[in-house]
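Results of the structural survey
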Amino acid sequence: MKALKVDHIGIAVKDLNETLSFYQDVLGLKLHGTEVVEDQKVKVAFLPVGDTEIELLESTSEDGPIAKFIEKNGEGIQHIAFKVENIEEAIEYMISKGMKMIDEVPRYGAGGAKIAFVHPKSSKRVLVELSERQE
């Protein structure tokens, strides 16, 4: 397995519209669109930067993972996603290296990606996402 690039950086925010003003008006990034991922209880805003992306993540529910993250840690970087060529092989590889996986079977994430998360206990307290996208 090889990480091909940083696919995106996920940033947990309380208010998507308020936060977008910083990224658009101050940093000059263009909003590529938004998407609600119902099963993850999150609304995502996509802001491309070069060949990677910033994903702003707003919880759609008080009991969603982003709401829990913000309650515990405050707003900020929630995860770093690495693009992989084959998500199933990447999961098998991580497990073979002794990594604890949150997802041992890929699930669908924002932007049509197949994703899996490595447990932060295995990655020095950083939530790492593996992402396979068809481009």
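Each remark here, short or long, concerns the structure printed above.
To keep things clear, this report deals only with the structure shown in the data block. (Residues numbered from 1 in each chain as written. Predicted model: local features only at pLDDT ≥ 70, side-chain atom pairs only at ≥ 80, totals over all residues. Heavy atoms only, no water.)

**Describing the sheet that holds strand S5 (residues 76–83)**
Going by this rule: Two strands qualify as a pair provided that DSSP identifies no fewer than 2 bridges between them. For helices the rule is a DSSP run of H or I covering at least 4 residues; for strands it is a run of E covering at least 2, with both sets numbered from the N terminus onward. Contact criterion: two residues are considered in contact whenever any of their non-hydrogen atoms come within 4.5 Å of each other. Axis geometry follows a simple rule: fit a line to the C-alpha atoms, using only the stretch in contact for helices, then measure angles between N-to-C directions, giving values from 0 to 180 degrees.
Taking strand neighbours across the sheet as the criterion, the eight strands line up as S2-S3-S4-S1-S5-S8-S7-S6 in an open arrangement whose pairing is mixed. At either end of the open sheet lies a strand with only one pairing partner, and these are strand S2 (33–37) and strand S6 (107–108). Here S5 runs beside strand S8 (residues 128–132); their pairing, made up of four bridges, is parallel. Paired with lysine 83 across the bridge in S8 is serine 131. Lying on the sheet, helix H3 (residues 87–96) is in contact with strand S7 (114–118) and S8; it crosses S8 at an angle near 150°.

**Looking at the pairing of S7**
Our working rule: Here the term buried applies to any residue with accessible area under 20% of the maximum for its type, exposed to any over 50%, and partly exposed to those in between, with areas from a 1.4 Å probe on protein chains only.
Most of S7 sits inside the fold, with four of its five residues counted as buried. Of the pairings in the sheet, the one linking S6 to S7 comprises two bridges and is antiparallel in character. Note that in S7 the partner of arginine 107 across the bridge is isoleucine 115. Counted between consecutive antiparallel strands, the loop separating S6 from S7 contains five residues, among which glycine 111 sits at a positive phi close to 70°. Sheet topology note: the S7/S8 ladder contains five bridges and is antiparallel. Note that in S8 the partner of isoleucine 115 across the bridge is serine 131.

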